[in-house]
Amino acid sequence: MNGDNSVRDDLHDLLRQNVNLATLTEEEKAELALQLLLSVKTLTLSKVTAKLVPLLHRDFITNLPKELGVQILGLTDVSSVARAARVCKSWTVVALDSSVWRLLFRKYRFKVNRSFLEKCLSQPGLFWARALEKNVMVAAKSVESTLHAPPPIARGPSAVASVTMARSHSGNSVFSGGGTDEGWFGLGVEMRRASIASSYFSASRRNSATNYQLEKDASSSVPPPMTLSPSASSNMVLIGTDSGFLDRVSLYASGNLVGSPSLDLASGSGTPSDKQGLLQWMGIRRGSSQNESGSYPSGTASPLSLSASVASIQFDTLPTELDWRYILKQGIELHQNWTDGRFKAKELAGHDDAVYCLQFDNDKIVSGSRDETIRIWDTNTGALRRILAGHTSSVLCLQYSDNTLISGSSDATLIQWDLATSRVVRTLHGHTDNVLSVGFDDRHIVSCSKDRTVRIWKRRNGESVGTLKGHRGAVNSLQFKRGIVVSAAGDRTIKLWSIETGQQMRTLQSHTGAVASVHYDPSTHLVVSGASDNTVKVWDTRIGECTGTLSGHSSVVRVVQSDGVHRIVSGSYDRTVRVWDLRTGKCWSELDGRNGGHKEKVFALGLDETRVVSCSEDKRIVVWDFSHAVDERFFV
């Protein structure tokens, strides 16, 4: 206290001596300013404060070129942009720019339908960005009013609805973030300055049947799997740990999805109120169902915190003329349909026996069956187009690309088909038992079999060029992408091979039962597997470790697929198809006979951005369409 009095006395002496302020220290200047302010009337103090406050902040959006403002807001998230839009007129102009929403759309990594975007561009006015309202503050005020909406009401479990529209027992808002602003949008710490500036300016402006018999392997020494209670099933998060994976990755592009073929197991061996208001502002409805909780066991690292960023598509090539705010709204609606379990189920019937394998795209569904036929269906209408007959026994696996289809059978052969003519191009002989899975690229065909081998063939002429040996049980499933073969077998292992050298690169081992299916995403180094231990496991191929386990199925997990970004989908002999959140491990939906699903074992499935297509021993194919009330034309 005595020190402060001494400083004041010194300042009084300085003022009497008319000392130049430039000679004062920062501390002396600060004390002088404070003493002067304390000596004036309250009204004067208020006026001085009003002049000082703006000096402490910088309106970077208004002062910078619009192009830079767009890039800055594009680095934040939807909630931050919504808040920015209510700051002032100049901020609203930038926040509602279509380029900002295109950058935000990028963070979702939705798979866009480029052909439809090109169609929109060729028709001026079709989903083009609308001109900004003359009074931009009208838009800002509407945003501000919705952002003050009350927090969402807690939702309880919902019952399964009708066959045509089912809601799962799980499904949180896409905006939920576990009580933090690091939620699904991944608001980065480095961009919170924008939020702080927004708050300040807003305030200041206001003033075959034998193939499926399972035997135990008593000699196995594999440790038991990590188990979790049904309400705390383990899964994985996607890329990154610091500011949300969606902030640092771009749209994921994948090739055709391949339905996993039949196998042989006989070998035995953000604040809540702001986020709710944002939903209202964008016109997005809230679901009424509640997710099951999902978490990792204590001490377990987030599985994909070990993953690297994925290969990206250059988003600069996506046209800014389109209304990206509308397109993003459709994407969020679609994602909420997945999380809330909103879908329509459609059945395709026509096979005379169990359906073992399938693959589909926006145009067609191709399926193979125990009735020895391959059938081609119209994806949109469900009408049967063609029947291909050539195998002399069950069709267990297939893959197609463009006009080439390759199928494998329990007659131990593969057939290459020309889909344009429905004719057999050639038949490949070499396996000595059931062919259980197949994949191919421009140069090679890769197949696996109950004979415990993986064979490599030249696609050009069907010549056998090599055999990969190493599994001690039937090789039930494989994936072949970017020169890497990933095989899963009844010996409880998953192996990675180089197609060029034929050498084994890595072995993944954690399942306690025969591995029935495998999915591989080379972009994220992600492997997902399903096994006869009733679990789904997630792996990082770079370190060769299991990074997460999903428990919930009550029987063999026969097939797994993943979009590599948002979802894992699994099908089981327990007659259910489950949809899991790739990021949090929550089970979004359980698709079964109660809501139009299968009444027997599920053998294969495929998925895209809007659908799951599954097939079963009940002779049926079921299309689960999650695009209800969404303009799905933008997505593939």
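Please read these numbers as outputs of a predicted model, since none were measured by experiment.

How each quantity is defined
Residues numbered from 1 in each chain as written. Predicted model: local features only at pLDDT ≥ 70, side-chain atom pairs only at ≥ 80, totals over all residues. Heavy atoms only, no water. Helix = DSSP H or I, 4+ residues; strand = E, 2+ residues; numbered from the N terminus. Areas by Shrake-Rupley, 256 points an atom, 1.4 Å probe, with all protein chains shown as cover. Pairing = 2+ DSSP bridges. Axes fitted to C-alpha atoms, helices over the stretch in contact; angles between N-to-C directions. Buried < 20%, exposed > 50% of the residue type's maximum accessible area, 1.4 Å probe, protein only. Contact = heavy atoms within 4.5 Å. Expected span 1.5 Å × (residues − 1). Polar contact = N/O pair within 3.5 Å; in protein donor to acceptor, adjacent residues only side chain to side chain. Parallel < 35°, antiparallel > 145°, perpendicular 65-115°, else oblique. Left-handed = near helix turned anticlockwise from the far one by under 90°. Nonpolar A, V, L, I, M, F, W, Y, C, P; charged D, E, K, R; others polar. pLDDT = per-residue confidence, 0-100. Phe/Tyr/Trp six-rings, centres within 6.5 Å; stacked < 30°, edge-to-face > 60°. Lys NZ or Arg CZ within 6 Å of the ring centre and 35° of its normal.

**Regarding the overall build of the chain**
Scanning the chain from N- to C-terminus turns up 13 helices and 28 strands. As displayed, the chain offers around 26,100 Å² of accessible surface, 51% of which is attributable to carbon and sulfur atoms.

**Considerations on the sheet that holds strand 1 (residues 344-349)**
Taking strand neighbours across the sheet as the criterion, the four strands line up as 1-28-27-26 in an open arrangement whose pairing is antiparallel. With one partner strand each, in any of the chains shown, strand 1 and strand 26 (602-607) form the two edges of the open sheet. For this sheet, the mean angle separating the axes of adjacent strands, direction not counted, is 20°.

**Details of the environment of Arg423**
For Arg423, the position within the fold is in strand 9 (residues 423-429). Given a relative accessible area of 61%, Arg423 falls into the exposed group. Considered as a pair, Arg423 and Gly390 are 33 residues apart in the sequence and their alpha carbons are 9.3 Å apart. Excluding its chain neighbours within four sequence positions, the residues that come into contact with Arg423 are Gln416, Trp417 and Asp418.

**Here's the deal with helix 13 (residues 324-340)**
Look at helix 13: 24 Å from first C-alpha to last across 17 residues, which is about the 24 Å you get at 1.5 Å a residue. With 14 of 17 residues buried, helix 13 lies mostly within the body of the structure.

**Focus on the environment of Val454**
Mapped onto the elements of the fold, Val454 is located in strand 12 (residues 453-458). Residues in contact with Val454, not counting those within four places in the same chain, are Val446, Ser447, Cys448, Gly466, Thr467, Leu468, Val475, Leu478, Val485 and Ser487.

**Quick look at unusual backbone geometry**
With a phi close to 55°, Asp402 is a non-glycine residue in the positive phi region. Secondary-structure assignment places Asp402 in the loop between strand 6 (395-401) and strand 7 (404-409). Asp402 gets classed as exposed once you look at its relative accessible area, which sits at 66%. Positive phi values are uncommon outside glycine, yet Asn534 reaches one of about 70°. Examined against the element boundaries, Asn534 turns out to sit in the loop between strand 19 (526-531) and strand 20 (535-540). By relative accessible area, which is 23% here, Asn534 ends up partly exposed.

**Things to note about the pairing of strand 2 (residues 355-360)**
The buried fraction of strand 2 amounts to six of the six residues, a majority that puts the element mostly inside the structure. Bridge count between strand 2 and strand 3 (residues 364-369): five bridges; the pairing is antiparallel. Among the inter-strand pairings, Phe360 is bridged to a residue of strand 3, identified as Ile365. The turn linking strand 2 back onto strand 3 is made up of three residues.

**A few points about the side chain of Thr576**
Counting through the fold element by element, Thr576 comes out in the loop between strand 23 (567-572) and strand 24 (577-581). Relative accessible area serves as the criterion here: at 6%, Thr576 is assigned to the buried category. At a separation of 3.4 Å, a polar atom in the side chain of Thr576 contacts the side chain of His553. A polar contact of 2.7 Å, which involves the side chain of Thr576, links it to the side chain of Asp574.

**Quick look at the sheet that holds strand 12**
Taken together, four strands build an open sheet; the order of strands is 10-11-12-13 and the sheet is antiparallel. In this open sheet, the two edge strands, each paired with only one partner strand, are strand 10 (435-440) and strand 13 (464-469). Going across the sheet, the axis of each strand differs from the next one's by a mean of 20°, ignoring polarity. Examined bridge by bridge, strand 10 and strand 11 (residues 444-449) share five bridges and lie antiparallel to one another. Looking across to strand 11, one finds that Ser437 is bridged to Cys448.

**Examining the packing of helix 8 (residues 98-108) against helix 13**
Remark: helix 8 packs on helix 13, axes separated minimally by 8 Å, with the N-to-C direction vectors making an angle of 25°. It follows that helix 8 is roughly parallel to helix 13 by the angle criterion. Helix 8 and helix 13 meet at a crossing whose hand is left-handed. In contact with Ser98, Trp101, Arg102, Leu104, Phe105 and Tyr108 of helix 8, helix 13 contributes Trp324, Arg325, Ile327, Leu328 and Ile332. Taken together, the residues of the contact of helix 8 with helix 13 sort by class into eight nonpolar, one polar and two charged.

**Observations concerning the confidence of the model for the chain**
For the chain, the average pLDDT comes to 74, and 67% of its residues sit at 70 or higher. This stretch, residues 132-315, has a pLDDT under 50; its non-local contacts, to residues over four places away or in other chains, come to 504 contacts.

**Describing the packing of aromatic side chains**
Each pair of aromatic rings is reported with the distance of its centres and the angle of its planes. Applying the stated rule across the entire model yields 14 aromatic pairs. Ring geometry for Phe105 against Phe110: centres 5.7 Å apart, planes inclined by 55°, an arrangement best described as tilted. Its relative accessible area of 0% is what places Phe105 among the buried residues. Overall, the relative accessible area of 2% leaves Phe110 in the buried class. Ring geometry for Tyr326 and Phe634: centres 6.1 Å apart, planes at 70°, overall edge-to-face. Of this pair, Tyr326 sits in helix 13 while Phe634 sits in the segment after strand 28 (620-625), and the two are 308 residues apart along the sequence. Judged by its relative accessible area of 1%, Phe634 is buried. Members of the aromatic cluster, connected to one another through ring pairs, are Phe105, Tyr108, Phe110, Phe116, Trp324, Tyr326, Phe634 and Phe635. Sitting over the face of the ring of Trp338, Arg567 holds its NZ or CZ atom 4.1 Å from the ring centroid. It is Lys601 that lies over the ring of Tyr573; its NZ or CZ is 4.7 Å from the centre.

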